[in-house]
Amino acid sequence: MKNTYSPYFEFDRTSWALSRDLPSLTISEEEFEKLKGLNEKIAIEEVSEVYLPLARLIHVYVTAFMQLQSKMNSFLSVPGTKAPFVIGIAGSVSVGKSTTARLLQTLLSHWPEHPKVDLVTTDGFLYPNRVLEAKGIMNKKGFPESYDINKLMHFISSVKSGEPALEAPLYSHFTYDVLNDRTQLVDRPDILIVEGINVLQVNTREPFFVSDFFDFSIYIDADETNIRKWYIERFLLLRDSAFQDPRSYFHKYAALSEEEAINTAAKIWQDINAKNLHENILPTKERAKMIIKKGSDHLIDKVLLRK
């Protein structure tokens, strides 16, 4: 562990894995495989060495949050409305945010103090394609202007206020659009995980940001050369699987040769994802409570925790 003039404590993988006071590992190999994202070549040891210490740390935060909430309600003589502990997970496309979110959801739900852990992705708060097309910003899907921020802010503030039976919109990567006929029920969870590339972004025109409602935030980081490589590899995997279905929005890419697919993915990365990363995502990294840095093999090799 390093203690420098940085605002973060810095741990390499070995020192982070030596965290003490950990519960026993309860994720099976089969369960782990289901939680992993497409093209994430990581072993179950990643859970015991990185994610279990992380879950234990967050459990400490959640326990303290619950105790403080109870004392504040008593001090202010207000009804004890239950507010969830909210975790934000940010980072680039293809960096592994979804896997981190799913693993944390599973691990954190094992504690009896907070068994109800919900996971919401901000993809559902994108404007529908018809709206993006009308605005002329279909090529900026994932950029700040492509999200219905008012809808997202209303949802997360309602969750944080302890309101019951809230509905979050759902998104389909298969149809590349928000679903019209399905929503996700969020009903007073103990912990809410909000995952998305935009969750740490700020809008100087608004007095509040999504991250104002977070009690803990994580930025998943990696060198851009690695993220670009993972994006292209995932594109090739999808070309041979989901894109083959004629109902897929990206079916037009199914017949591409490997060289054509690589060139197409590289162009999409350069024209859209790299631009969004540099303009809107990467500048939010230091706003996170924790930065998790991945190496070229997808394995986490460094953890930074804000002091």
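Worth saying up front: this structure is predicted, and the values here are computed from it rather than measured.

Q: So what about helix α6 (residues 149–160)? Which residues, and what values?
A: For α6, built from 12 residues, the straight-helix expectation of 16 Å at 1.5 Å per residue is met to within 8% by its first-to-last C-alpha distance of 16 Å. Of all the residues in α6, the buried ones are Leu152, Met153, Phe155, Ile156, Ser158, Val159 and Lys160. Elements that come into contact with the buried residues of α6 comprise α3 (45–76), β2 (85–91), β3 (117–121), β4 (166–172), β5 (177–186) and β6 (191–195). Remark: Gly162 follows α6 within two positions and exhibits a positive phi of approximately 85°.

Q: Before we move on, could you go through the pairing of strand β9 (residues 300–306) and cite the residues and values that matter?
A: Sheet topology note: the strand β1 (residues 8–12)/β9 ladder contains five bridges and is antiparallel. Bridged to Tyr8 within β9 is Arg306. In this sheet, β9 lies alongside strand β8 (residues 290–294) in antiparallel orientation, the contact comprising five bridges. The partner of Met290 across the bridge, within β9, is Leu305. In sequence, β8 turns back onto β9 through a hairpin of five residues, with His298 there showing a positive phi of about 75°.

Q: An account of the sheet that holds β9 is requested, with residue identities and associated values reported.
A: For sheets, the rule is that strands pair by backbone hydrogen bonds, running either parallel or antiparallel. Strand order in the open sheet made by the seven strands is β1-β9-β8-β7-β2-β6-β3, with mixed pairing throughout. What marks the edges here is a single partner per strand, and that holds for β1 and β3. Averaged over all adjacent pairs, the angle separating strand axes in this sheet is 20°, with direction ignored. Judged from the five bridges that link them, β3 and β6 form a sheet pairing that is parallel. Bridged to Asp118 within β6 is Leu192.

Q: Report on the layout of surface pockets, specifying residues and quantitative values.
A: Roughly 540 Å³ of volume is contained in the second largest pocket. Along the wall of the second largest pocket there are 25 residues; nearest its centre are Pro144, Ile149, Val202, Asn203 and Glu206. Sorting the residues of the lining of the second largest pocket by element identifies α6 and α8 (258–281) as the ones contributing at least two each. Here the element with the most residues in the lining of the second largest pocket is α6; it accounts for four residues. Counted by class, the lining of the second largest pocket contains 13 nonpolar, six polar and six charged residues.

Q: Tell me about the nonpolar core, and name the residues and values.
A: Counting 87 residues, the largest nonpolar core has Ile58, Ile87, Phe155, Ile218 and Met290 as its most contacted members. Among the elements that take part in this core, α3 stands out by supplying 10 residues, more than any other.

Q: Which residues make up unusual backbone geometry, and what values do they have?
A: Positive phi values are uncommon outside glycine, yet Ser94 reaches one of about 70°. Positionally, Ser94 belongs in the loop between β2 and α4 (97–108). With phi around 75°, His298 is a residue other than glycine that occupies positive phi space. Its place among the elements puts His298 in the loop between β8 and β9.

Q: An account of the packing of aromatic side chains is needed here, citing residue identities and associated values.
A: By the definition in use, this model includes 13 aromatic pairs. Where Phe65 meets Phe85, the ring centres are 5.4 Å apart and the plane angle is 75°; that geometry is what we call edge-to-face. One end of the pair, Phe65, is in helix α3; the other, Phe85, is in strand β2, with 20 residues separating them in the sequence. Here Phe65 falls in the buried class, since its relative accessible area comes to 17%. Consider the rings of Phe235 and Tyr253, whose centres lie 5.4 Å apart with planes at 55°: the pair is tilted. With a gap of 18 residues between them, Phe235 in helix α7 (residues 224–239) and Tyr253 in the loop between α7 and α8 connect regions that are remote in the sequence. The structure contains a cluster of three or more aromatic residues connected by ring pairs, namely Tyr176, Phe235, Phe243, Tyr249, Phe250 and Tyr253. We note Lys141 situated over the ring of Tyr176; from NZ or CZ to the ring centre the distance is 3.7 Å. Directly above the ring of Phe9 sits Lys307, whose terminal nitrogen or CZ lies 5.7 Å from the centroid.

Q: Would you mind going over the packing of α3 against α4 in detail, with residue names and values included?
A: Helix packing for two helices is described by the angle between their axes and how far apart those axes are. Between α3 and α4, the least distance of the axes is 10 Å, while the angle of their chain directions is 60°. In this structure, the crossing between α3 and α4 has a hand that is right-handed. Here Val47, Tyr51, Leu52, Leu54, Ala55, Ile58 and His59 of α3 lie close against α4, whose contacting residues are Thr100, Leu103, Leu104, Leu107 and Leu108. When grouped by side-chain class, the residues that make up the contact of α3 with α4 number 10 nonpolar, two polar and no charged.

Conventions we followed
Residues numbered from 1 in each chain as written. Predicted model: local features only at pLDDT ≥ 70, side-chain atom pairs only at ≥ 80, totals over all residues. Heavy atoms only, no water. Helix = DSSP H or I, 4+ residues; strand = E, 2+ residues; numbered from the N terminus. Expected span 1.5 Å × (residues − 1). Buried < 20%, exposed > 50% of the residue type's maximum accessible area, 1.4 Å probe, protein only. Contact = heavy atoms within 4.5 Å. Pairing = 2+ DSSP bridges. Axes fitted to C-alpha atoms, helices over the stretch in contact; angles between N-to-C directions. 1 Å grid on protein atoms, 1.4 Å probe; cavity = no way out; pocket = protein on both sides within 12 Å on 5 of 7 lines; lining within 4 Å. Points joined across faces, edges and corners; volume = space filled by probe spheres on them. Nonpolar A, V, L, I, M, F, W, Y, C, P; charged D, E, K, R; others polar. Core = buried A, V, L, I, M, F, W, Y, C linked by side-chain atoms within 4.5 Å. Phe/Tyr/Trp six-rings, centres within 6.5 Å; stacked < 30°, edge-to-face > 60°. Lys NZ or Arg CZ within 6 Å of the ring centre and 35° of its normal. Left-handed = near helix turned anticlockwise from the far one by under 90°.

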